[in-house]
Structure formats: C-alpha cells, structure tokens
Amino acid sequence: MPRKNEPLERTCALTREVKPVSELLRFVEAPDGTVVPDIKGVLPGRGVWITATAEAVEEAQKKRVFARSLRSGARAEPDLAAQADALLEKAALGALSLTRKAGEVVTGFSKVEAALKREPVAGLIEARDGAEDGKRKLAAVAAARFGSTDGCPVVRLFTSAQLDLALGRSNVIHAALLEGRTSESFLTRARRLENFRGGPFGSARQEMSRAATQD
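Definitions and limits used
- Residues numbered from 1 in each chain as written.
- Predicted model: local features only at pLDDT ≥ 70, side-chain atom pairs only at ≥ 80, totals over all residues.
- Heavy atoms only, no water.
- Buried < 20%, exposed > 50% of the residue type's maximum accessible area, 1.4 Å probe, protein only.
- Helix = DSSP H or I, 4+ residues; strand = E, 2+ residues; numbered from the N terminus.
- Contact = heavy atoms within 4.5 Å.
- Patch = residues over 30% accessible without salt bridge, like charges linked within 9 Å, V, L, I, M, F, W, Y side chains within 5 Å.
- Areas by Shrake-Rupley, 256 points an atom, 1.4 Å probe, with all protein chains shown as cover.
- Salt bridge = Lys/Arg side-chain N within 4 Å of Asp/Glu carboxyl O.
- Lys, Arg positive; Asp, Glu negative; His and termini not counted.
- Charge placed at Lys NZ, Arg CZ, Asp CG, Glu CD.
- 1 Å grid on protein atoms, 1.4 Å probe; cavity = no way out; pocket = protein on both sides within 12 Å on 5 of 7 lines; lining within 4 Å.
- Points joined across faces, edges and corners; volume = space filled by probe spheres on them.
- Nonpolar A, V, L, I, M, F, W, Y, C, P; charged D, E, K, R; others polar.

A.B. asks: Quick one: what's the story with helix H6 (residues 160–167), residue by residue and with numbers?
C.D. replies: Taking burial as the measure, the eight residues of H6 include six buried ones, the bulk of the element. Along H6, the residues that are buried comprise Ser160, Gln162, Leu163, Asp164, Ala166 and Leu167. Where H6 is buried, its residues meet helix H3 (80–101), strand E6 (105–107), strand E7 (121–126) and strand E9 (174–178). Taken from the residues just after H6, glycine 168 is the one with a positive phi, measuring 65°.

Shown next as structure tokens:
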C-alpha cells in the first residue's frame, strides 16, 4: 500500500503498464544485495513495482528486470516468488486472526450453516484439505441465501492446521466471516494472495454457481 501522499498508481517494471498499487508488489534491495519483497510498501530505498502475480515475478527475474530497474547488481534469488507468496500468506492469516479477536468469525459446520441462513455473512472460509461433501452442502446453502457467487466470497487458501493456529481452535474446516472491518481487511488480503497464485476465488465460485443452478 502507498505511504501518505504517494501515488495510488505505479508502473509495472516488467510490462510497463500503469496499475493501481493494489495490483502490484514492491521490491527493494536488501543490505546484503538481494532483492526482497516489500508487501507493505514501506521499506526504505529505491523500489521496483511488479504486477502482483507469481508468474510476473518469475518473468521479471528471468529478464533481469530487478537489477536493471534498481540500477545495481542486486540479486534476485530463485525463490523470490515463493518469498512473496509466504509473506502474503502470513499477512492474510494475521488478518484472519484479528477477525477472531473482533468477534467477526464463527467456526464449525452447524454454526456456519446457521450463520449462512440468517447472519450478515461477508464470506466463507473452508480448509483446502477438508471433505468435499461438507463444502458442497455449505455452497448450496450460500447459493440459496445469496443467489449469486458475488454475494458470498469463498476462501480456500489454507489448510485446517493453518486455520487452527489463526483462529485458536482445533480442527477448523469451515468458518463464516461476519460483516465488519476486520473481515473486509482479511478478504482484501485473501484476494491479494489468491490473485498472486492465479485466482481469484475461481474454483469456489464455480462450485457455488453449480449449487445455485442445481438448487
């Protein structure tokens, strides 16, 4: 995100397209001469902005965009995209943890099902290693309630173990986000991570669409 009084758009050093900073990732040269991701956009020094996808980061690395743009001998390590992915994932899980503290998340199949029917739900979270049967059932409930895939974003980025740690619960497979600022903050970070990995929310939206058709 841009700092105060900074532009809301930047140019991707790989494609030369001008894009909102929300669609870009900033990279800087660390003291040891390596290129590091700056997902918050606050690290000191000259920055290089790249379209926020793993594919674009890898392509920029192959074409030596970082060293050229930084005007130095900065080294982009082979796992640079993986480093960015890990930081984006950490930021999303940290935001999810805050939803628990704010009381904006419920867990457990029955509670999630009930919330989808009557609560102001902002989104659905499902462990990617959870059983498909439960996911299909909740997708049908969400489709019946909201009528379209846009009405209830579905996040399937994390394992049950990761959700356990973020939410302070055991064996979390399903969770519902209740409307609120922390939920929206989490969804923003989840979308950013999903887009980086090639999303957004594709398979989950398709499944909810099928459920709505079948209902």
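After presenting the structure, the write-up continues.
A.B. asks: Any chance you could break down a positive patch on the surface for me, citing the residues and the numbers?
C.D. replies: Together, Arg100, Lys101, Lys111 and Arg169 line one region of the surface with positive charge. For lysine 101, the location among the structural elements is in helix H3.

A.B. asks: An account of the layout of surface pockets is needed here, citing residue identities and associated values.
C.D. replies: The calculated volume of the largest pocket comes to roughly 410 Å³. Every residue lining the largest pocket is counted, 14 residues in all, and those nearest its centre are Ile39, Lys40, Leu88, Ala91 and Arg189. Going through the elements one at a time, strand E4 (35–38), H3 and helix H7 (181–197) are the ones with two or more residues in the lining of the largest pocket. In terms of residue count, the dominant contributor to the lining of the largest pocket is H3 (four residues). In the lining of the largest pocket, the residues fall into eight nonpolar, one polar and five charged.

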